[in-house]
Amino acid sequence: MKEIRFRCWINIDEEKYFGPGPLKLLQLIDELGSLSKAAKTMGMSYKKAWDIINTLNSKSSEPIVVLQKGGAKGGGAEITEKGKKIMKSYTELNNKIEELISHENQILDLL
């Protein structure tokens with residue numbers, strides 16, 4: 001099968017900052033309200049998930065995720081409004097790219 005494929009990443013200081021993995025992690029945090037549950041769902045260690053969130057927050061002008069420490073009822077995580085805007089904008093960008101690629105895949109029928 002022939003197809004054009006593309007992965008979109010946002011880089012900051014020439015390092016990957018935001019892409020499909022961080023997006024999925026944020027979507028799961030938003031859905032589950034927990035970093036540990038989101039990490040477990042993705043098959044990712046809590047430390048790796050925490051490192052991703054720490055990087056997102058530290059390189060952003062405002063926090064993207066707010067984490068609450070555990071207590072009697074356990075901790076939690078919440079996506080901020082800025083985080084939701086980033087998720088929405090990235091998803092829209094990805095959809096535009098996918099639409100373009102889908103159209104351009106017709107070129108492969110000529111090969």
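Here, every reference points to the structure presented above.
Residues numbered from 1 in each chain as written. Predicted model: local features only at pLDDT ≥ 70, side-chain atom pairs only at ≥ 80, totals over all residues. Heavy atoms only, no water.

Some words on the packing of aromatic side chains
No. 1: Applying the stated criterion across every chain yields a total of one aromatic pair.
No. 2: Each ring, one from F18 and one from Y90, has its centre 5.1 Å from the other, and the planes form 80°; the classification is edge-to-face. Residue F18 is located in strand β2 (residues 15–18), and its partner Y90 is located in helix α4 (residues 81–104); the two are separated by 72 residues in the primary sequence.
No. 3: The exposure class of F18 is buried, given its relative accessible area of 0%. (Phe/Tyr/Trp six-rings, centres within 6.5 Å; stacked < 30°, edge-to-face > 60°. Helix = DSSP H or I, 4+ residues; strand = E, 2+ residues; numbered from the N terminus. Buried < 20%, exposed > 50% of the residue type's maximum accessible area, 1.4 Å probe, protein only.)

A word on the pattern of salt bridges
No. 1: Per the stated rule, a full pass over the model turns up three salt bridges.
No. 2: A salt bridge links K59 to E15; its shortest N-O distance comes to 3.8 Å. Placement of K59 in the loop between α3 (46–58) and β3 (65–68) and of E15 in strand β2 is noted, with a sequence separation of 44 residues between them.
No. 3: Accessibility expressed as a relative area gives 33% for K59, which makes it partly exposed.
No. 4: E15 gets classed as partly exposed once you look at its relative accessible area, which sits at 49%.
No. 5: The partner of E92 in a salt bridge is K88, with the nearest N and O atoms 2.8 Å apart. Taken as a pair, E92 and K88 lie in helix α4 at a separation of four residues, close to a single helical turn.
No. 6: K88 sits in the exposed class, given a relative accessible area of 53%. (Salt bridge = Lys/Arg side-chain N within 4 Å of Asp/Glu carboxyl O.)

A few points about the packing of helix α1 (residues 20–32) against helix α2 (residues 35–42)
No. 1: Where α1 meets α2, the closest approach of the two axes is 8 Å, and the angle between their N-to-C directions is 130°. Taken together, α1 and α2 sit at an angle that is classed as oblique. Here α1 and α2 pass one another in a crossing that is right-handed. Only L35, K37, A38, A39, T41 and M42 of α2 make contact with α1, whose side of the interface consists of G21, K24, L25, L28, I29 and L32.
No. 2: Split by residue class, the contact of α1 with α2 holds eight nonpolar, two polar and two charged. (Axes fitted to C-alpha atoms, helices over the stretch in contact; angles between N-to-C directions. Parallel < 35°, antiparallel > 145°, perpendicular 65-115°, else oblique. Left-handed = near helix turned anticlockwise from the far one by under 90°. Contact = heavy atoms within 4.5 Å. Nonpolar A, V, L, I, M, F, W, Y, C, P; charged D, E, K, R; others polar.)

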